[in-house]
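Tertiary structure, described
For reference, the chains in residue letters:
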Amino acid sequence: MPSGRYTLHDPHDRSPLGEERFRCAPGPTGWRYVAHRTAPDGATTGRLDLALDDLGRPIRLEAVAGDWQLRGAALDGVRWVRTDPTGQHAREGHAAAKAFTGTSPAFLVALARLLRPAPGRATRVRLLALTDPVLAPRTVDRSWSLVASEDHHDPDAGTLTVHSYGIDDLATGDRSVVHLSGDVVLDAPGVTLEELDGPPSVFDTLPLPATPE
């Protein structure tokens, strides 16, 4: 069960956005990631609890950012309820999307688990993005491709397989590359792994690739 700390920064000017302390682990029916976020001054800014089934689909999402809370899951697309502390502004939503995404590194692991793009073949997917700092939902279209897979020897963790994924934003044409090992993001735009207690978990079984939308 790895745990650790990511620092988050603006991918364009590298201004610090805070950090995310996390723990995650595969289980008998999928994978779970729990984290809390703090601002650069140490103030708490939010938390995340994401659970996937064994095919990589989000069966439970609970996200908090500032005064806003969102709960969602994959159900005939994705469904969610977004609310403020009083509940006066609670709104339900539904989108024909495969999964959620956002600035947390958890979503990169979740999407790699869900999509499993074949080498040299791009997989297009529609997602519901949760926009900081108020969890505003909007649909986005992305394309994922597996760029490379390499084995690296670590004196503490042994041999780690690092997968590099190319991600294209189909609305803007922006392309980024992320590097994952198991259920840990080693490097990604706006994300730096600072601490890791224990090696990344390796999923026992590989799901069938999801059908893209």
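Residues numbered from 1 in each chain as written. Predicted model: local features only at pLDDT ≥ 70, side-chain atom pairs only at ≥ 80, totals over all residues. Heavy atoms only, no water.

Before going further, it helps to spend a moment on the pairing of strand β15 (residues 191-197). Pairing analysis gives 6 bridges linking strand β1 (residues 3-9) to β15, with the strands arranged antiparallel. In the strand pairing of β15, Ser3 is matched with Asp197. Where strand β14 (residues 184-188) meets β15, 2 bridges bridge the pair, whose relative direction is antiparallel. Its bridge partner lying in β15, Ala188 is registered against Val191. Between the end of β14 and the start of β15, which pair antiparallel, lie 2 residues, with Gly190 showing a positive phi angle near 85 degrees. (Pairing = 2+ DSSP bridges. Helix = DSSP H or I, 4+ residues; strand = E, 2+ residues; numbered from the N terminus.)

This next bit is on the pairing of strand β5 (residues 58-65). Sheet topology note: the strand β4 (residues 44-53)/β5 ladder contains 7 bridges and is antiparallel. Bridge pairing in β5 places Arg47 opposite Val64. With 5 bridges joining them, β5 and strand β6 (residues 68-74) adopt antiparallel strand pairing. By the bridge assignment, Ala63 is partnered in β6 with Leu70. Linking β5 back to β6 in an antiparallel pair, the connection comprises 2 residues, with Gly66 at a positive phi of about 60 degrees.

So, on to the pattern of salt bridges. According to the stated counting rule, one finds 14 salt bridges in the structure shown. Here Arg5 makes a salt bridge to Glu19, at a shortest N to O gap of 3.1 Å. Placement of the pair is Arg5 in strand β1 and Glu19 in strand β2 (residues 16-27), with a sequence separation of 14 residues. Of the two residues, Arg5 and Glu19, neither departs from the other in class, the shared state being buried. Between Arg37 and Glu20 there is a salt bridge whose closest N-O contact spans 2.7 Å. With Arg37 in strand β3 (residues 30-38) and Glu20 in strand β2, this residue pair connects regions lying 17 residues apart in the sequence. Here Arg37 matches Glu20 in class, with each residue buried. Within this structure, Arg5, Glu19, Arg21 and Glu195 form a network of salt bridges that share partners. (Salt bridge = Lys/Arg side-chain N within 4 Å of Asp/Glu carboxyl O. Buried < 20%, exposed > 50% of the residue type's maximum accessible area, 1.4 Å probe, protein only.)

Bringing empty space enclosed by the protein into the picture now. With the rule as written, the count across this model stands at 1 cavity of 30 Å³ or more. The wall of the largest cavity is formed by Leu50, Leu52, Gly56, Pro58, Ala99, Phe100, Phe107, Ala110, Leu111 and Leu114. Of all the elements, helix α1 (residues 105-115) adds the most residues to the lining of the largest cavity, at 4 residues. (1 Å grid on protein atoms, 1.4 Å probe; cavity = no way out; pocket = protein on both sides within 12 Å on 5 of 7 lines; lining within 4 Å. Points joined across faces, edges and corners; volume = space filled by probe spheres on them.)

Geometric values such as these leave the question of function open.
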